[in-house]
Amino acid sequence: MRIELISTGDEVITGSIDDTNASYLSRELIEAGLQVDRRHTVGDNLNELMAVFSECAQRKCLVIVTGGMGPTNDDLTTEAAARVAKVPLELNELWLERMRSWFENRGRTMSKTNIKQAMLPQGAIFINNPVGTACGFLLKINAAIFIFCPGVPSELKAMWESYVKEMVLTFSENSVPRTHLIRLFLMGIGESNLAELLSDLTLPPSVTIGDRAIYPRIELKLIGHDATDSDMLALLEQVMRRVAPYYVCRDSYSLIDILAQKNIKLAPINAVDGLCQGWLLINLQQLCTNFVTCSVLNSKEDSLDASARFDQQNLLEHTPIHNRITLLPFTGNVVAAGLPADRSNHYELHYQLLVYEGEGERTQERTISGNLIFSFKDDIFVQGSYCRNRDFLAQLCCCELYKALVREPWVTPDDCSITVLSCIDSMPVAPSF
């Protein structure tokens with residue numbers, strides 16, 4: 001059995017609004033191990049709706065339709081479904097009463113046009129809408145099973161979570177090949193180099209590898225259609241051995257959520273961005289939302305007079321030492337620090353942080369500190385055709401801080417040398433809770 005999505009509405013097909021419903025359902029289905037085979041978009045036209053419904057009805061598939069179920073004349077989805085199924089529309093008294101109650105509870109009078117939303121194709125199975133006035137319904141037409149839902153995103157999501165997801169899982173059980181999806185988020189390698197790195201992998205049957213560039217990251221996807229768990233785990237092990245220097249996290253690039261799942265929380269911090277013109281402070285919000293002080297400095301020496309340099313030095317001296325993150329040009333001895341001679345642009349990330357780990361009464365305090373030097377061939381302020389600029393450096397710093405928090409090896413980009421001057425962790429092994 002296939003899975004197909006149909007989005008309806010003139011505003012969707014003309015691009016007036018984005019089709020967020022199809023994106024939402026595709027993500028939800030893949031997370032449930034079900035991959036969508038085809039997506040359709042149709043305007044508010046009765047003949048076009050009937051044509052696409054008729055086409056899908058010839059295949060053994062599960063079709064989720066969104067939109068066109070309101071009270072107005074251009075809401076034609078239900079009528080089109082009834083015509084293709086060759087059945088009349090019937091009044092659903094249960095939904096009519098629920099609609100009346102919905103309006104009465106809000107001090108409003110239900111219009112006669114809303115009765116249209118209680119007219120369902122004969123033989124359809126009613127699906128409740130817990131937050132709106134358009135109910136859904138399930139209808140088998142020829143070889144296909146159709147599930148119809150309203151197009152308002154909040155209503156669709158409520159119905160999906162409450163009823164539709166379970167229905168889809170039930171109907172697809174043992175009839176739709178399950179899809180494994182493993183997502184790895186990488187940083188510091190280009191798509192072509194990544195492809196070469198993985199080119200000689202032997203993939204199990206029905207398993208594919210794909211990637212998507214989201215500068216400066218790459219999302220690497222391992223997709224298995226009806227593959228075994230052991231095949232996917234074996235492939236993941238092979239891939240991880242090759243991409244380990246660039247690996248940030250997996251499944252989702254929401255670092256603050258991952259930290260929350262691991263019960264890791266930063267105390268309020270003081271941050272000084274002396275290089276990235278504010279981008280470091282923006283990216284640090286991927287790790288925490290609590291800041292005591294935030295400062296942005298201009299570190300380009302050729303644009304600073306003596307007074308400006310004095311003001312910056314004064315600010316740094318008065319920024320609290322504890323719970324501090326600073327990113328500044330490296331001003332120490334390059335040779336003594338052991339920095340690479342073939343790179344002339346050196347930038348220093350210093351952090352000293354208080355971390356709370358665990359939850360409730362079992363929360364423990366942990367302190368971490370470190371000095372990392374990032375060395376580039378190019379100046380981060382030079383906007384060339386391809387160079388590691390300040391935006392990249394800001395995100396790289398955020399990734400390295402995340403790695404320190406979760407006790408994982410540093411990310412090491414291909415074209416950036418990282419020299420660790422110091423790295424201290426009061427709790428190098430995660431406690432067992």
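For the structure, check the block above.
On a predicted model such as this, the values are computed, not experimentally measured, just so you know.

### Focus: helix α5 (residues 93-105)
If you check α5, its first and last C-alpha atoms are 18 Å apart, about what 13 residues at 1.5 Å a residue would give, namely 18 Å. At its buried positions, α5 is contacted by β4 (89-91) and β6 (125-127). Where α5 begins, the capping side chain belongs to N92, and its oxygen is found 3.2 Å from the backbone nitrogen of L94. Phi for G107, located one or two positions after α5, is positive at around 70 degrees.

### Focus on the nonpolar core
One recurring pattern in soluble globular proteins is that nonpolar side chains are buried together. If you look at the biggest cluster of nonpolar residues, it comprises 46 residues, and the most contacted ones within it are V248, L255, L284, L287, F374, L393 and Y402. With 11 residues, helix α12 (residues 390-405) is the largest single contributor of residues to this core. The residues contacting L393, other than those within four sequence positions of it, are L275, C276, L327, Y347, F374, F376 and I380. If you look at the next biggest cluster of nonpolar residues, it comprises 31 residues, including A57, A81, V84 and C135.

### Quick word on unusual backbone geometry
Generally, phi is negative for residues other than glycine and the peptide bonds are trans, each holding for most cases. Put simply, Y215 and P216 share a cis peptide bond, and its omega is 5 degrees. Structurally, P216 is set in the loop between β10 (207-214) and β11 (217-225). Backbone geometry places N323, a non-glycine residue, at a positive phi of 50 degrees. You can see N323 is positioned in the loop between α11 (306-318) and β16 (324-329).

### Re the packing of aromatic side chains
For the structure shown, the criterion picks out nine aromatic pairs. Relative to F148, the ring of F146 has its centre 5.8 Å away and its plane inclined at 15 degrees; by these criteria the two rings are stacked. Seen in terms of ring centroids, Y347 and F376 are 6.0 Å apart; in terms of plane orientation they differ by 50 degrees. Their pairing is tilted. Of this pair, Y347 sits in strand β17 (residues 345-357) while F376 sits in strand β18 (residues 364-376), and the two are 29 residues apart along the sequence.

### Comments concerning the sheet that holds β10
Within the open sheet, the four strands sit side by side as β10-β11-β9-β12. Their pairing is antiparallel. Because the sheet does not close on itself, it has two edges, and the strands there are β10 and β12 (247-250). Geometrically, the sheet is characterised by an average inter-axis angle of 25 degrees between neighbouring strands, direction not taken into account. Packing against the sheet, α12 makes contact with β9 (179-187), β11 and β12, and its axis sits at approximately 65 degrees to β12.

### A few points about the packing of helix α3 (residues 46-57) against helix α4 (residues 77-85)
One way to put it is that α3 packs onto α4 with a least axis distance of 9 Å and a crossing angle of 50 degrees. Between α3 and α4, the interaxial angle falls into the category oblique. In this structure, the crossing between α3 and α4 has a hand that is right-handed. Facing L46, L49, M50, F53 and S54 of α3, the residues of α4 in contact are T77, E79, A80, A81, R83 and V84. A per-class count over the contact of α3 with α4 returns seven nonpolar, two polar and two charged.

### Notes on the pattern of salt bridges
All chains considered together, the criterion is met by 16 salt bridges. Residue E55 is joined to R38 by a salt bridge in which the shortest nitrogen-to-oxygen separation is 3.2 Å. Of this pair, E55 sits in helix α3 while R38 sits in strand β2 (residues 38-42), and the two are 17 residues apart along the sequence. Each of the salt bridges in this network shares a partner with another, and the network as a whole consists of R2, E4, R38, E55 and R59.

### A closer look at the pairing of β9
Where β9 lies against β11, nine bridges are found, and the strand directions are antiparallel. Within the sheet, the bridge partner assigned to L181 lies in β11 and is I223. Looking at chain direction, β9 and β12 are connected through three bridges and run antiparallel. Residue pairing in the sheet places L184 in a bridge with R250 of β12.

### A word on the sheet that holds strand β1 (residues 2-8)
A sheet is described by the order of its strands in space; here six strands give the open sequence β2-β1-β3-β8-β7-β6, paired in mixed fashion. The strands lining the two open edges of the sheet, one partner per strand, are β2 and β6. Between one strand axis and the next, the sheet turns by 20 degrees as a mean value, whatever way the strands run. Both β6 and strand β7 (residues 136-141) contribute to a ladder of three bridges, which runs antiparallel. Looking at the pairing, I127 lines up with G136 of β7. In the packing of helix α6 (residues 153-172) onto the sheet, the strands contacted are β3 (61-66), β6, β7 and β8 (144-149), and the crossing angle to β8 comes to about 170 degrees.

The rules behind these values
- Residues numbered from 1 in each chain as written.
- Predicted model: local features only at pLDDT ≥ 70, side-chain atom pairs only at ≥ 80, totals over all residues.
- Heavy atoms only, no water.
- Helix = DSSP H or I, 4+ residues; strand = E, 2+ residues; numbered from the N terminus.
- Expected span 1.5 Å × (residues − 1).
- Contact = heavy atoms within 4.5 Å.
- Polar contact = N/O pair within 3.5 Å; in protein donor to acceptor, adjacent residues only side chain to side chain.
- Core = buried A, V, L, I, M, F, W, Y, C linked by side-chain atoms within 4.5 Å.
- Buried < 20%, exposed > 50% of the residue type's maximum accessible area, 1.4 Å probe, protein only.
- Phe/Tyr/Trp six-rings, centres within 6.5 Å; stacked < 30°, edge-to-face > 60°.
- Pairing = 2+ DSSP bridges.
- Axes fitted to C-alpha atoms, helices over the stretch in contact; angles between N-to-C directions.
- Parallel < 35°, antiparallel > 145°, perpendicular 65-115°, else oblique.
- Left-handed = near helix turned anticlockwise from the far one by under 90°.
- Nonpolar A, V, L, I, M, F, W, Y, C, P; charged D, E, K, R; others polar.
- Salt bridge = Lys/Arg side-chain N within 4 Å of Asp/Glu carboxyl O.

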